[in-house]
There are 2 protein chains.
Amino acid sequence: MNHVLKDSVMYSYKMAVLSKALWKSVERDWQAWIKPFDLNLNEHHILWIAYQSDGASISDIATHGVMHVSTAFNFSKKLESRGLLTFSKKEEDKRNTYICLTSAGKALFCETMSHFNEKTYNVYQGTLPIKELYGKFPEFSELISVLRHLYGNDFIDQFDHQLLNFTNELEETEGKLSLNPN
Amino acid sequence: MNHVLKDSVMYSYKMAVLSKALWKSVERDWQAWIKPFDLNLNEHHILWIAYQSDGASISDIATHGVMHVSTAFNFSKKLESRGLLTFSKKEEDKRNTYICLTSAGKALFCETMSHFNEKTYNVYQGTLPIKELYGKFPEFSELISVLRHLYGNDFIDQFDHQLLNFTNELEETEGKLSLNPN
């Protein structure tokens, strides 16, 4: 048997199991977190992306939420029917649909944030020993390098940019939004 | 806002999106690979685990396949009804159900292996630049460390052990099983 091919099967299988294990843990903890708010994971993710980039298009939501465009559209529709966001078109771009959170949508999203409890988030807990050892969160540079190949540099760069925006936003809303101190 | 808590939300969100992105890519490529064999991903994973550890229990399948016990059981039942595996009890352990691949099950699994094409497996392709740079596959040691926390040392150690077994098995079946050279 071709040696290179055997290595590629083994490596691909290893990555399949490890990435499944990681995602399933994240998914379980995320679901438990938002359970009290009658939101599923896609709906919460849409609120999150819309919160951190006001006026995101459905296509942006799909890209940054790693979901199909139809999934992004259908769950956005559900959130719209609950009065949590509104759809609009831009004068200069009639093809895309943009979404904006309503004040009820922003309030609900902030409420979910205030219920985040890092003690129930196992990926975070599992990283603490590394953080204590090196004094900072791991960068997962190999993983990021693979993801740059999979989704393009824009995906990672825009993700970092949005994360930074969101950090600033969280600082601005200090006082308005108090995260669960436990 | 509590600074530590803000960091924990941001880090957890980052890990959520990155792990989702990685898994969705793996899932898509895995599904495309096994599509011609009328198997879903759980079914193929069950065949894989059963192939590399003959006489695995349903509980082993669930653990190593990162699936619910009921998922492992239900899809194993489907594979049994297709004549691809058999259920049995052990004399010394009547509580657990063990599964063994039939020769048809082994043949089908080997056929799927012979159709693996690393050019369609994007996670593998995305790793090649790292492999060329460092001369070996990345070890993802930070990721493995987090997974050891999430699933226990046994999960990782047994996974490595099974992977080694499987490599040896692939070497033994050299000649019998010819992977797609393209």
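Residues numbered from 1 in each chain as written. Chains lettered and ligands numbered in written order. Predicted model: local features only at pLDDT ≥ 70, side-chain atom pairs only at ≥ 80, totals over all residues. Heavy atoms only, no water.

With that settled, consider the interface of chain B and chain A. At the interface, 73 residues of chain B touch 73 residues of chain A. Interface area for chain B against chain A, summed over the two sides, is near 7,300 Å², with a carbon-plus-sulfur share of 75%. Put simply, chain B and chain A have zero salt bridges between them. Linking chain B with chain A are 10 residue pairs in polar contact (both at pLDDT 80 or more), by the criterion used here. Mapped onto the side of chain B that touches chain A, the elements with two or more residues apiece are helix 1 (3–34), helix 2 (41–52), helix 6 (122–134), helix 7 (141–151) and helix 8 (153–172) of chain B. At 25 residues, helix 1 of chain B tops the list of elements feeding residues into the side of chain B that touches chain A. Looking at the side of chain B that touches chain A, its residues break down into 44 nonpolar, 18 polar and 11 charged. (Contact = heavy atoms within 4.5 Å. Buried area = accessible area lost by both parts, 1.4 Å probe. Salt bridge = Lys/Arg side-chain N within 4 Å of Asp/Glu carboxyl O. Polar contact = N/O pair within 3.5 Å; in protein donor to acceptor, adjacent residues only side chain to side chain. Helix = DSSP H or I, 4+ residues; strand = E, 2+ residues; numbered from the N terminus. Nonpolar A, V, L, I, M, F, W, Y, C, P; charged D, E, K, R; others polar.)

Residues and elements named next belong to chain A. Reading across from one edge, 1-3-2 is the order of the three strands in this open sheet, with antiparallel pairing throughout. Of all the strands in the sheet, the pair left with one neighbour each is strand 1 (56–57) and strand 2 (85–90). Where strand 2 lies against strand 3 (residues 93–101), five bridges are found, and the strand directions are antiparallel. Within the sheet, the bridge partner assigned to Leu85 lies in strand 3 and is Leu101. (Pairing = 2+ DSSP bridges.)

This brings us to unusual backbone geometry. A positive phi is found at Phe140 of chain A, a non-glycine position, where the angle reads about 50°. Topologically, Phe140 of chain A is positioned in the loop between helix 6 (122–134) and helix 7 (141–151). A positive phi angle, near 50°, is found at Val66 of chain B, a position not held by glycine. Positionally, Val66 of chain B belongs in the loop between helix 3 (58–64) and helix 4 (69–81). For Val66 of chain B, a relative accessible area of 12% gives the class buried. (Buried < 20%, exposed > 50% of the residue type's maximum accessible area, 1.4 Å probe, protein only.)

The next subject is the UniProt feature "domain: HTH marR-type" (unreviewed entry) in chain A. The UniProt feature table records "domain: HTH marR-type" (unreviewed entry) at residues 8–152 of chain A. Secondary structure across residues 8–152 of chain A divides into 66% helix and 12% strand, with the first and last C-alpha atoms of the span separated by 22 Å. (UniProt positions renumbered as here; feature names shortened; annotations may be inferred.)

Okay, the packing of aromatic side chains next. Two descriptors summarise a pair of aromatic rings, namely the distance from one centre to the other and the angle between the planes of the rings. Under the defined criterion, the tally for this structure stands at 34 aromatic pairs over all chains. Measuring from ring centre to ring centre gives 4.9 Å for Trp33 of chain A and Phe116 of chain A, while their planes differ by 75°; the resulting arrangement is edge-to-face. Taken together, the positions of Trp33 of chain A in helix 1 (residues 3–34) and Phe116 of chain A in the loop between helix 5 (103–114) and helix 6 put the pair 83 residues apart, joining distant regions of the chain. Judged by relative accessible area, Trp33 of chain A falls into the buried class, the value being 7%. When the centroid spacing of 6.4 Å and the interplanar angle of 80° are considered together, the rings of Trp30 of chain B and Trp48 of chain B count as edge-to-face. One end of the pair, Trp30 of chain B, is in helix 1; the other, Trp48 of chain B, is in helix 2, and 18 residues separate them in sequence. With respect to burial, Trp30 of chain B and Trp48 of chain B carry one shared label: buried. Following the ring pairs from residue to residue traces out a cluster consisting of Tyr13 of chain A together with Trp30, Trp33, Trp48, Tyr51, Phe109, Phe116, Tyr121, Phe159 and Phe166 of chain B. Taking NZ or CZ as reference, Lys131 of chain A lies 5.1 Å from the ring centre of Phe137 of chain A, over its face. (Phe/Tyr/Trp six-rings, centres within 6.5 Å; stacked < 30°, edge-to-face > 60°. Lys NZ or Arg CZ within 6 Å of the ring centre and 35° of its normal.)

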